[in-house]
Amino acid sequence: MSLAPLQSINEQQLNARSNVVQTPVKSDQTGEKLLKNGKRLDQDYLQNQNQHQQPAQKKKKEKLSSLCKTPPSLIKTRGRDYHRGHFLGEGGFARCFQIKDDSGKIFAAKTVAKLSIKSEKTRKKLLSEIQIHKSMKHQNVVQFIDCFEDDTNVYILLEICPNGSLMDLLKKRKLLTEPEVRFFTTQICGAIKYMHSRRVIHRDLKLGNIFFDRNYNLKIGDFGLAAVLANDRERKYTVCGTPNYIAPEVLMGKHSGHSYEVDIWSIGVMLYALLIGKPPFQSKDVNTIYERIKCCDFSFPKEKHISNEAKVLIQDLLSLDPLERPSISEIMDYVWFRGIFPPYIESTVMTEVPNYDKTLTHQESIINFRKCLEKSGLIEDSMNINKDPVSLLGSEVDKKQIIRTNILPDSLSPGDTKYKYREVMDLEAQRKLNDLAREARVRRAHQAVIRKDLVATSTNLIKSEISLRILASECHLTLNGILEAEAQKKMGGLPQSRLPKIRHPIVVTKWVDYSNKHGFSYQLSTEDIGVLFNNGTTVLRLADAEEFWYISYDDKEGWVASHYLLGDKPRELTRHLEVIDFFSKYMRANLSRVSTFVREEYHKDDVFLRRYTRYKQFVMFELSDGTFQFNFKDHHKFAISDGGKLVTYISPSHESLTFPLVEILKIGEIPGYPESKFIEKISLIKEGLKQKSSIVTVEQTQLR
Ligand code: ADP
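Rules behind the numbers
- Residues numbered from 1 in each chain as written.
- Predicted model: local features only at pLDDT ≥ 70, side-chain atom pairs only at ≥ 80, totals over all residues.
- Heavy atoms only, no water.
- Helix = DSSP H or I, 4+ residues; strand = E, 2+ residues; numbered from the N terminus.
- Buried < 20%, exposed > 50% of the residue type's maximum accessible area, 1.4 Å probe, protein only.
- Contact = heavy atoms within 4.5 Å.
- Areas by Shrake-Rupley, 256 points an atom, 1.4 Å probe, with all protein chains shown as cover.
- UniProt positions renumbered as here; feature names shortened; annotations may be inferred.
- pLDDT = per-residue confidence, 0-100.
- Pairing = 2+ DSSP bridges.
- Axes fitted to C-alpha atoms, helices over the stretch in contact; angles between N-to-C directions.
- Salt bridge = Lys/Arg side-chain N within 4 Å of Asp/Glu carboxyl O.
- Parallel < 35°, antiparallel > 145°, perpendicular 65-115°, else oblique.
- Left-handed = near helix turned anticlockwise from the far one by under 90°.
- Nonpolar A, V, L, I, M, F, W, Y, C, P; charged D, E, K, R; others polar.
- Core = buried A, V, L, I, M, F, W, Y, C linked by side-chain atoms within 4.5 Å.
- Near = heavy atom within 4 Å.
- Polar contact = N/O pair within 3.5 Å; in protein donor to acceptor, adjacent residues only side chain to side chain.
- Patch = residues over 30% accessible without salt bridge, like charges linked within 9 Å, V, L, I, M, F, W, Y side chains within 5 Å.
- Lys, Arg positive; Asp, Glu negative; His and termini not counted.
- Charge placed at Lys NZ, Arg CZ, Asp CG, Glu CD.
- Expected span 1.5 Å × (residues − 1).

## Observations regarding the overall build of the protein chain
- Along the protein chain, the regular secondary structure elements total 20 helices and 23 strands.
- Burial status across the protein chain gives 51% buried among its 704 residues.
- Here the analysis covers contacts within the protein chain between residues at least 6 apart in sequence; of these, 63% occur between residues at least 24 apart.
- Accessible surface for the protein chain amounts to roughly 35,000 Å². Of this, 52% is attributable to carbon and sulfur atoms.

Encoded structure:
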């Protein structure tokens, strides 16, 4: 079979393809090799998920790479000749050979047999790998050189990595030391940061795909499963990867998809494997591995020594929720990296256990770490780095030297203790920073879950741009008030004299959604009854007078209200008042009043409902005096008034209580009503306000 010439493909094709190309399962006992039968992970996995009863196919297929015969000793291409050298290694698709050009330069030639590229899918997969790899240029990524074909093979020419992979190293050494792993992780993180900045997810990061160059620097290779995102919000849905390294969201995946965080997860798996000697979810049975991954079931064996700092990092990297995993920059901030750090990896690494802990000082390690960060592109070029390391210590060294010129011998000099103490202090601060960053991630992850869950099911149409702006700014104001109360709570609360004055707000006491016919009707705690008609206007019938308001939109003012006496109503509003009467009777007969609040002296203006929004979890009311009310499905109700300073709680048995919000945040619950789950609810309230504080224009609303 002949292969069409390699053509460049555009980004759109790349993206479309990565959703459909299915990927071979990669598994064996080390979890890093392709299955011989070339079965696909997605089919395999889904079959197990659906518990198909069909007998497993016994048919054994050859590994696709075995179709790749040894290339001729002289490979001729586009005028250039290459001399084939020795065999380097074999993956699921390709065999790799050393190859030399006429000038004597040595490369690796990843060789794929054309016979193994039978389908269009496989061809596209190969083209995608080439296209993505070709676009990469980073000191810790295997450099793509060229690609060409002859009658039998496609050759991908790569920078030669003659010293094996991290997998080879682990197999030989069984375990690595923490200083070595710090160095490796920094280089790997540099490469991943680069890839992600180019919107590339590698999706198959594992020890066997990370190679050593001549100088024992690490280079990430094999872009066979990599995907390019069109933008940072795009998600990928193909179930792919290598069982031991696959992230839980990929396994859960058809609905929510996955993104960059799958690569962060695999850093955690690699870190664990290098320090413990085997991957964290290892099992003979692939399905057991998946089950363990899905509930993050791993532990640190007691007999293996591993520092607490390393454990903290691994645990955070292996967070089930992708949003809880640290970003690359956050990873580099972990205290673990502040340990002993080598300047480079010795060429004896494959056979000898280094003893950096004894030979390197803390100060040297800090310099080595910074240099490694810089070389891997994790920090900007700092002018200091290339200078003599000693000069980097600057004034500290000078101080030490001053001490050395003192009369006291070193052992009696207080200098060293001082520096050690300083170091301890810094690490403590760093640890605190790590904890704060983790808390923020957990909060963000939690908020994201709420955001995803909070979908409005119905609302009234707001017909003027200015009204939308007014509503958005009210939401914004109240949200800010809540955030301010949260900040005040963090500072220990407010003194009695600065607490806001308690004023019970006007609340919605009854409501009927009849918007499929007339509109949305409600009764307020003032006993006034309003109907928000489907055409956007409101009629508010006052309880204690024979009067009503007719409220409609105005392009400049938002809402305009006209006041009428019942006996003097315009004829065109007769029908509206009939509807109000109908609802009024209905509510009186069928609904119980949810609050005992009444009209208070400070309620100077008449209040009406500007907008209602129904969500699965609650109904949100936006009242014209800036009060927001949230009636939850579990019959607990909350109103936030006075710009976010006051919270009113209405219990299922209709007790109503108003408090300064900061006080309730301090207590953490409504006193006497822990079952109202205030803390949970306030997150939803905040999300509701946040959604509404972004202005959705009329056109957009109509489109929806
Ligand atoms: P596949 O896509 O089939 O999994 P890989 O990219 O993993 O192929 O390459 C297969 C093997 O070839 C590797 O395990 C390794 O032994 C060797 N190899 C790959 N790239 C290089 C390289 N740049 N230098 C040296 N050997 C390499």
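## Focus on the UniProt feature "binding site: ATP" (unreviewed entry) in the protein chain
- According to UniProt, the positions carrying the feature "binding site: ATP" (unreviewed entry) are Lys114.
- With a relative accessible area of 8%, Lys114 lands in the buried category.

## Examining the confidence of the model for the protein chain
- Per-residue confidence for the protein chain averages 84 on the pLDDT scale, and 83% of its residues sit at or above 70.
- Under a pLDDT of 50 for its full length, residues 33-59 has, in the predicted model, 48 contacts with residues more than four places off or in other chains.
- In the model, residues 384-423 has pLDDT below 50 throughout and makes 21 contacts with residues more than four positions away in sequence or in other chains.

## What about the sheet that holds strand β6 (residues 153-159)?
- Taken in spatial order, the 6 strands make up an open sheet running β1-β2-β3-β4-β6-β5, and their pairing is antiparallel. Looking at which strands have only one partner, the edges of the open sheet turn out to be β1 (74-77) and β5 (144-149). Shown here is a sheet whose adjacent strand axes are inclined to one another by a mean of 35°, direction ignored.
- Packing against the sheet, helix α3 (residues 120-134) makes contact with β4 (106-113), β5 and β6, and its axis sits at approximately 20° to β6.

## Here's the deal with the pattern of salt bridges
- The full count for this structure, using the stated rule, is 28 salt bridges.
- A salt bridge links Arg325 to Glu249, with the shortest nitrogen-to-oxygen separation between them at 2.8 Å. Pair noted here: Arg325 is in the loop between α9 (308-317) and α10 (328-332) and Glu249 is in helix α6 (residues 248-252), with a separation of 76 residues, a long-range link. For the residue pair Arg325 and Glu249, the accessibility class agrees, reading buried in each case.
- Residues Arg614 and Asp513 are paired through a salt bridge, measuring 2.6 Å at the closest nitrogen-oxygen approach.

## Re the packing of helix α5 (residues 178-197) against helix α7 (residues 261-276)
- For the pair α5 and α7, the least separation of the axes is 11 Å and the interaxial angle reads 165°. The angle between α5 and α7 places the two elements in the roughly antiparallel class. Along this stretch, α5 crosses α7, giving a crossing that reads as right-handed. Only Asp263, Ile267, Met270, Leu271, Leu274 and Leu275 of α7 make contact with α5, whose side of the interface consists of Glu178, Val181, Thr185, Ile188, Cys189, Ile192 and His196.
- The residue inventory of the contact of α5 with α7, partitioned by class, reads 9 nonpolar, 2 polar and 2 charged.

## A look at the sheet that holds strand β21 (residues 637-641)
- The antiparallel open sheet is built from 7 strands, whose spatial order is β11-β18-β19-β20-β21-β22-β23. Bordering the open sheet on either side are β11 (456-459) and β23 (656-660), each of which pairs with just one other strand. Averaged over all pairs of adjacent strands, the angle between strand axes in this sheet comes to 20°, irrespective of strand direction.
- Alignment of β21 against strand β22 (residues 646-650), held across 5 bridges, turns out to be antiparallel. The residue of β22 that forms the bridge with Lys637 is Ile650.
- On the sheet, helix α16 (residues 465-490) packs against β18 (609-615), β19 (618-623), β20 (628-632) and β21 and is oriented at approximately 70° with respect to β18.
- Most of the contacts of helix α19 (residues 678-693) go to β20, to which it runs at about 125°, and overall it touches β11, β18, β19, β20, β21 and β22.

## Some thoughts on the nonpolar core
- Membership of the largest hydrophobic core comes to 76 residues, with the highest contact counts inside it found for Leu166, Phe184, Leu207, Ile314, Ile331 and Phe337.
- It is α7 that contributes the most residues to this core, 12 residues altogether.

## Some thoughts on the site of the ligand
- In the vicinity of the ligand lie 18 residues, with Phe93, Ala94, Lys110, Glu159 and Cys161 positioned nearest.
- Taking Lys110, its side chain carries an N or O atom lying 2.8 Å from an oxygen atom of the ligand.
- Asp222 has a polar side-chain atom sitting 3.1 Å from an oxygen atom of the ligand.
- Contact with the protein chains hides 88% of the accessible area of the ligand, taken as 550 Å² for the molecule alone.
- Those elements that provide at least two residues to the shell around the ligand are β2 (80-90), β3 (94-101), β4 and β6.
- Partitioned by chemical class, the residues of the shell around the ligand number 10 nonpolar, 4 polar and 4 charged.

## Examining the side chain of Asp213
- Residue placement: Asp213 occurs in the loop between β8 (210-212) and β9 (218-220).
- Using a relative accessible area of 8% as the deciding quantity, one classes Asp213 as buried.
- A polar contact is formed between the side chain of Asp213 and the backbone nitrogen of Asn215, at a distance of 2.8 Å.

## Points about a positive patch on the surface
- On the surface, Arg443, Arg444, Lys489 and Lys490 cluster together to form a positively charged patch.
- For the positive patch, the secondary-structure elements that each account for two or more residues are α15 (415-453) and α16.
- Counting through the fold element by element, Lys489 comes out in helix α16.

## Topic: α19
- Taking 1.5 Å per residue, 16 residues should reach 22 Å; α19 reaches 22 Å between its end C-alpha atoms and fits that length.
- Burial within α19 is extensive, with 12 of its 16 residues counted as buried.
- Of the positions making up α19, those classed as buried are Phe678, Lys681, Ile682, Ser683, Leu684, Ile685, Lys686, Glu687, Gly688, Leu689, Lys692 and Ser693.

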